Every structure is written in C-alpha cells, then in structure tokens.
Amino acid sequence: MDIIESFKQKARNIDSRIVLPEGKDDRILQAACQIKQEGIADIILLGDESELASRADGLGLDISGCRVINPSSETEERAELAELMYELRHHKGIDREKARKKSSDPLYFGTLMVAAGKADGMVAGAANPTGRVLRPALQTIKTRSEISIVSGAFIMVLPRDEFGEKGILVMSDCAVNPEVNDDELAEIAVSTAQNTKKLLDIDPVVALLSFSTKGSARHPLVSKVRRATNKARKLAPEFEIDGELQADAALVAEIASSKAPDSQVAGRANVLIFPDLQSGNIGYKLVQRLAGAEAIGPILQGMDRPVNDLSRGCSVDDVVSLVAITALQSG
Ligand code: ACO
C-alpha cells in the first residue's frame, strides 16, 4: 500500500473533525466531498452558506455531508470564539472589539475552533500564503507544553530503497524557522522524531546535519549542532540521536564506518535535521527534483493541535492527503 493510502486508512479509524477555512475555493469543495465519501474525516467548511451551496451545485458536488459555517454571521458560536480570542490575546493589546473583528476572519475562526476543541485540526493555504495560515495558529493554538517551536517536516519517498527506512526519509525543518538556536534545534529534532513515530510507526534514527562530522571542522555553527545534539538526547533519551554528521556520513554505511565509526546513527539515519531553513528548504527540493523523490508536506509539528499549510498550487489530491495526515496527527 502506498504511504498516502496508509495515512487515509489509519485516519478512517480516528473520528476527527477537520476545519477547512477556504470553503470558496473549488479544490477545497471537491476535496471536502472526496474526504466525506472516503470516510477520512468529518469536514467543517467555512464560508457563506448560499455561496458555497451554489458553487458546489455548479461543480456538481453534494456538500450536504459537511457542516458549513459562515464566520461573518453574528452567531453565539462566533461570540464564544471572539471571547476566546480576547482571553488568549488581551495581554498582547487585543481588546474585545478587535477580537470580535478577528474572529470573522476564516483563518482565525478556524484556528479558534481548533483551540476551543470544536474541531480537531485545520488545513488551509490553498488560497493564502504560509504566514497568513501560520500566524493565527501560532498566536492561538500555540505549541505543546514541552516544545517551544513549531517546525515543518517533509516525508521524502525515494524511488530506491537503499537510504533511510526502505527509501523513506523525514527531513526537517524545511518550512518554518529561518534561523534557530541550539535549544530550538534540539526541540526540532525531538518533535521530528515524535512525528515520525506517530505518522509512520517507524523507529526514528535521527542525524543532526552539518558540514562537519564528529569534529572534522571547527566553527561556531558546528558547535551549535553539537550542543543541540546533546540537548536533544537529554530531552528524548528514548530515541537514537547523533550529530554533528555530514549528510553522506548520516546516510551511507561505508562512509559512516570511516568518518564516524563509533556512531550508532551514522550510515542508517532515517530522520535528517537541517541546521537552518536555508539548508532545509534547499535540501528537500534538491532531493525531490534530482533524485525524483515524492515530497509529502510540509507537515507542521510542535503545535498543540494540528494545523497544516497547503501550497497555493495544490491539487484536490494534495488537500485530501493533508487532511488525512492532519486527522492522524490529531489522534
Ligand atoms: N514556533 C512557535 N511560535 C512561533 C514561531 C515558531 N516557529 N514563530 C513565531 N511564533 C510565535 C511568536 O512567538 C508570536 O507569538 P506571540 O504573538 O504570542 O508573542 C506569534 O507566533 C506570531 O509571531 P510573529 O512575529 O507575528 O510571526 P512571524 O512574523 O515570526 O511569522 C512565520 C512566523 C510566519 C512562521 C515566519 O517565521 C515565516 O514566514 N517563516 C518562513 C516561512 C516560509 O517562507 N517558508 C518557506 C516556504 S514553505 C515551503 O517551501 C514548503
């Protein structure tokens, strides 16, 4: 079974409610119907009820199985969410009137539903850039108590199975944090390991990458990766974690045996942690384009409840897959 099919299969066993704030996007309407038909999750669509109904009609879709909520309507639910927004953000200078206005924005309404436990996760980004999707979630849902940083992982499915876990590698942070300190890098390593275990049910073997292997180069950036490795090990002793390793030492057994003979992780890593967003974003795209890998993500991790960001060029299938992943993360 392919990896997306296995996510859908597992999601069917979790009763999750996923909110899709961009209800007036045709791809979202099509995906919502498909998700309901395939029994992947219950869907809450945000948008004007009559507008969504007529768009769905035009597309020949039946959205009667989805709950539709108009965030602009002055309902009791909206008032509750506005009050929650006020409670969460008044220390940042938001008064009740601003909170009321914010709560009519579908992206805030959606994240507030998740924060309030009225939905189990949110997927958006088909019609909004990353920052517009992430900011409301970072402000209201926030991170899990033991993690202070949200990051973005990609599951890379390689055409050959010689690297990682039978050709599967998880890479992070490829999507969110331009620069991180050693504490944050350690947390990214741990949340990526946890996410790998939860989504793929494989034992993570985590390599913190650098341009140096075990002291082959000296530089403050190398020292940062070393410190992060030690901190990650302390945070999550249950996982195999090592660094600093160059990518070849992390992945290739023969190179590992000469460059890092004492490392249990070198040569068999299935989780690769990049030192910053430049290397992470460039790295996953090179593997995708040059090695012909399928890139599944970004999958956001570290958030208290799952929110995921679509690319604006997404297809209906991309939306369905990301909803299945979000449902799994919520379980
Ligand atoms: N983890 C946890 N909390 C965070 C994070 C994070 N990574 N980043 C910001 N926050 C919190 C802030 O502390 C702040 O909280 P507060 O208001 O309660 O104090 C809140 O989120 C909002 O912070 P802002 O400063 O308004 O947000 P910022 O301007 O830093 O934007 C964002 C955050 C959108 C994630 C930004 O870092 C960003 O744009 N990152 C790059 C995204 C990107 O372009 N990725 C590459 C493309 S994606 C791809 O190719 C797949």
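Quick notes on the rules
- Residues numbered from 1 in each chain as written.
- Predicted model: local features only at pLDDT ≥ 70, side-chain atom pairs only at ≥ 80, totals over all residues.
- Heavy atoms only, no water.
- Pairing = 2+ DSSP bridges.
- Helix = DSSP H or I, 4+ residues; strand = E, 2+ residues; numbered from the N terminus.
- Axes fitted to C-alpha atoms, helices over the stretch in contact; angles between N-to-C directions.
- Buried < 20%, exposed > 50% of the residue type's maximum accessible area, 1.4 Å probe, protein only.
- Lys, Arg positive; Asp, Glu negative; His and termini not counted.
- Salt bridge = Lys/Arg side-chain N within 4 Å of Asp/Glu carboxyl O.
- Contact = heavy atoms within 4.5 Å.
- Near = heavy atom within 4 Å.
- Polar contact = N/O pair within 3.5 Å; in protein donor to acceptor, adjacent residues only side chain to side chain.
- Areas by Shrake-Rupley, 256 points an atom, 1.4 Å probe, with all protein chains shown as cover.
- Nonpolar A, V, L, I, M, F, W, Y, C, P; charged D, E, K, R; others polar.
- Domains from an automatic or database assignment.
- Expected span 1.5 Å × (residues − 1).
- Arc of directions from axis to C-beta.
- Buried area = accessible area lost by both parts, 1.4 Å probe.

Student: Looking at this structure, how should I read the sheet that holds strand 11 (residues 307-309)?
Tutor: Overall, parallel pairing links the five strands, which are arranged 3-2-1-4-11 in an open sheet. Both outer strands of the open sheet, strand 3 (67-69) and strand 11, are each paired with one neighbouring strand and no more. Strand-to-strand twist across the sheet, computed as the mean angle between neighbouring axes with direction ignored, equals 20°. Relative to strand 3, strand 2 (residues 42-46) is paired through three bridges, and the arrangement is parallel. Pairing of Leu46 across the sheet is with Ile69, part of strand 3.

Student: Hey, could you run me through the side chain of Glu22 in this one?
Tutor: By secondary structure assignment, the location of Glu22 is in the loop between strand 1 (17-20) and helix 2 (26-38). One buried charged side chain, Glu22, makes no salt bridge at all; its nearest oppositely charged neighbour is Arg27, positioned 6.9 Å away. Beyond its immediate chain neighbours, meaning those up to four positions away, Glu22 contacts Ile28, Leu46, Ala124, Gly125, Ala126, Ala127 and Asn128.

Student: I keep staring at the pairing of strand 5 (residues 151-157) and nothing clicks. Help me out?
Tutor: In summary, the side chains of a regular strand alternate between the two faces of the sheet. Summarising burial for strand 5: six of the seven residues are buried, a large majority. Sheet analysis places strand 5 next to strand 10 (residues 294-301), joined by six bridges and oriented antiparallel. The residue bridging Ser151 from the neighbouring strand is Gln301, located in strand 10. Here five bridges tie strand 5 to strand 6 (residues 168-172), and the two strands are oriented antiparallel to one another. Across the sheet, residue Val157 finds its bridge partner in strand 6, namely Ile168.

Student: Would you take a moment to explain the site of the ligand for this structure?
Tutor: The local shell around the ligand holds 19 residues, among which Arg89, Val150, Ala175, Val176 and Asn177 are the closest. Val176 places a main-chain nitrogen or oxygen 2.8 Å from a nitrogen atom of the ligand. Protein coverage of the free-state accessible area of the ligand, which is 990 Å², stands at 63%. Among the secondary structure elements, those contributing two or more residues to the shell around the ligand are helix 7 (130-140) and helix 12 (277-290). It is helix 7 that provides the largest number of residues to the shell around the ligand, a total of four residues. Residue composition of the shell around the ligand, by class: nine nonpolar, five polar and five charged. Two domains each donate at least three residues to the shell around the ligand, and these are domain 1 (3-142 + 306-330) and domain 2 (151-297).

Student: Is there a simple way to think about helix 12 in this case?
Tutor: Quick reminder: α-helices carry 3.6 residues per turn. Residues three or four places apart thus point the same way. An ideal rise of 1.5 Å per residue puts 20 Å on 14 residues; helix 12 measures up with 19 Å between its terminal C-alpha atoms. All of the buried residues in helix 12 are Leu277, Gly280, Gly283 and Tyr284. The buried residues of helix 12 occupy an angular sector of 140° when projected down its axis, which confines them to one face. Away from its buried face, by an angle of more than 90 degrees, helix 12 presents the exposed residues Gln278, Arg289 and Leu290. Two or three places before Gln278, at the opening of helix 12, Asp276 has a side-chain oxygen 3.2 Å from that residue's backbone nitrogen. Backbone geometry just after helix 12 places Gly292 at a positive phi near 70°.

Student: Which parts of the structure should I look at to understand the sheet that holds strand 5?
Tutor: Strand pairing in a sheet relies on backbone hydrogen bonds. The paired strands run either parallel or antiparallel. With respect to topology, six strands assemble into an open sheet ordered 8-7-9-6-5-10, the strand pairing being mixed. The sheet terminates laterally at strand 8 (240-245) and strand 10, the two strands that pair on one side only. For this sheet the average axis-to-axis angle between neighbouring strands, irrespective of direction, equals 20°. Pairing analysis gives five bridges linking strand 7 (residues 205-209) to strand 8, with the strands arranged parallel.

Student: Hey, could you run me through the pattern of salt bridges in this one?
Tutor: For the coordinates displayed, the defined rule picks out 27 salt bridges. Linked by salt bridges that have partners in common, Glu5, Lys8, Arg12 and Glu38 make up one network.

Student: Quick question: what am I supposed to make of the domain arrangement of the chain here?
Tutor: Taken domain by domain, the chain holds domain 1 (3-142 + 306-330) and domain 2 (151-297). Each of domain 1 and domain 2 was reduced to a C-alpha centroid, and the two centroids are 31 Å apart. Taken together, the contacts link eight residues of domain 1 with 10 residues of domain 2. Between domain 1 and domain 2, a total of about 790 Å² is buried, with carbon and sulfur atoms accounting for 73% of that surface. Contact with domain 2 buries surface across domain 1, with Ile3, Phe7 and Gln329 losing the most and accounting together for 50% of the total. Counting the contacts that link domain 1 with domain 2 gives two residue pairs in polar contact (both at pLDDT 80 or more). Elements with a minimum of two residues in the side of domain 1 that touches domain 2: helix 1 (3-12) and helix 13 (316-330). When residues of the side of domain 1 that touches domain 2 are assigned to their parent elements, the largest contribution, four residues, is made by helix 1. The residue inventory of the side of domain 1 that touches domain 2, partitioned by class, reads six nonpolar, one polar and one charged.

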